[in-house]
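# Structural features, examined
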Amino acid sequence: MRAPARWLNLVGEAEYRDEAEAQLAKPGDAVLVVRGRTRSVVMACPDGCGETLVVNIDPRAGKAWRIDTRGEGLTLYPSVWRDGGCESHFIVWRGFLIWCDRFTVGNSEPRYDPSIEESILSAMDVSTPLTAAAIADAIDEIVWDVNRAANRLVHRGLARSWKEDATWFFVRVGDRTNGGTCE
Ligand SMILES: [Zn+2]
């Protein structure tokens with residue numbers, strides 16, 4: 001079996017799915033389908049099974065992923081998970097393909113930039129739980145970047161997180177403005 005792709009390789013744009021599919025040559029190749037607005041990302045399944053995956057970007061056409069073209073490559077949120085067939089499950093983050101189940105050995109992530117932490121803490125609230133997506137919207141950053149940094153803040157005791165209905169929520173811990181203790 002061929003090694004899975006580790007990078008989503010954006011090879012072009014097309015107006016329709018069949019034109020997009022014609023441009024796919026190897027696993028991990030992807031084409032944006034754009035008609036007036038971005039409709040979908042068509043990709044050759046990165047595990048090498050030979051199937052074509054269509055990730056819908058257009059909320060008017062049903063369940064839609066977020067797309068972000070900032071950074072070294074494409075970002076999709078949430079993760080892409082095939083229900084049937086090869087059942088591939090992966091994250092597309094700044095072009096990196098991060099495998100969630102198989103092939104996890106060899107995963108590498110985009111470089112960590114700690115400068116995002118301060119704005120995340122400012123966007124978090126001590127009482128209102130926010131998702132990583134909501135925080136990312138508030139500070140105009142990439143959701144996976146925010147998610148990773150928010151989890152590091154949790155590890156350092158500066159934030160708290162918990163899962164509710166398959167979604168993670170974050171709150172800031174304590175009051176950072178005076179740093180005082182209750183006496
Ligand atoms: Zn596959």
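Placed above this text is the structure.
Everything numeric in this text was worked out from a predicted model, so none of it was measured.

Rules of the game
Residues numbered from 1 in each chain as written. Predicted model: local features only at pLDDT ≥ 70, side-chain atom pairs only at ≥ 80, totals over all residues. Heavy atoms only, no water. Axes fitted to C-alpha atoms, helices over the stretch in contact; angles between N-to-C directions. Helix = DSSP H or I, 4+ residues; strand = E, 2+ residues; numbered from the N terminus. Parallel < 35°, antiparallel > 145°, perpendicular 65-115°, else oblique. Left-handed = near helix turned anticlockwise from the far one by under 90°. Contact = heavy atoms within 4.5 Å. Donors = N, O, S within 2.8 Å, 3.2 Å for Na, K, Ca; no water. Tetrahedral: all angles 85-135°; square planar, octahedral: opposite > 155°, others 65-115°.

### Digging into the packing of helix α3 (residues 132-139) against helix α4 (residues 143-155)
- Where α3 meets α4, the axes come as close as 8 Å, and the angle between the chain directions of the two elements is 115°. In this view, α3 runs roughly perpendicular relative to α4, as classed from their interaxial angle. Viewed along their axes, α3 and α4 form a crossing whose handedness is right-handed. Along the contact surface, α3 presents Ala132, Ala133, Ile135, Ala136 and Ile139, while α4 presents Val143, Val146 and Asn147.

### Let's talk about the coordination of the zinc ion
- Looking at the zinc ion, one finds its protein donor set to be Cys45 (SG), Asp47 (OD), Cys49 (SG) and Cys86 (SG), positioned 2.2 to 2.3 Å from the metal centre.
- The site at the zinc ion holds 4 donor atoms, and with the angles between them running 91 to 129°, its shape is tetrahedral.
- The sequence pattern describing where the donors of the zinc ion fall on their chain is C-x1-D-x1-C-x36-C. Here cysteine 86 lies in the loop between β6 (75-81) and β7 (89-93) and cysteine 49 lies in the loop between β3 (37-44) and β4 (52-56), a separation of 37 residues in the sequence.

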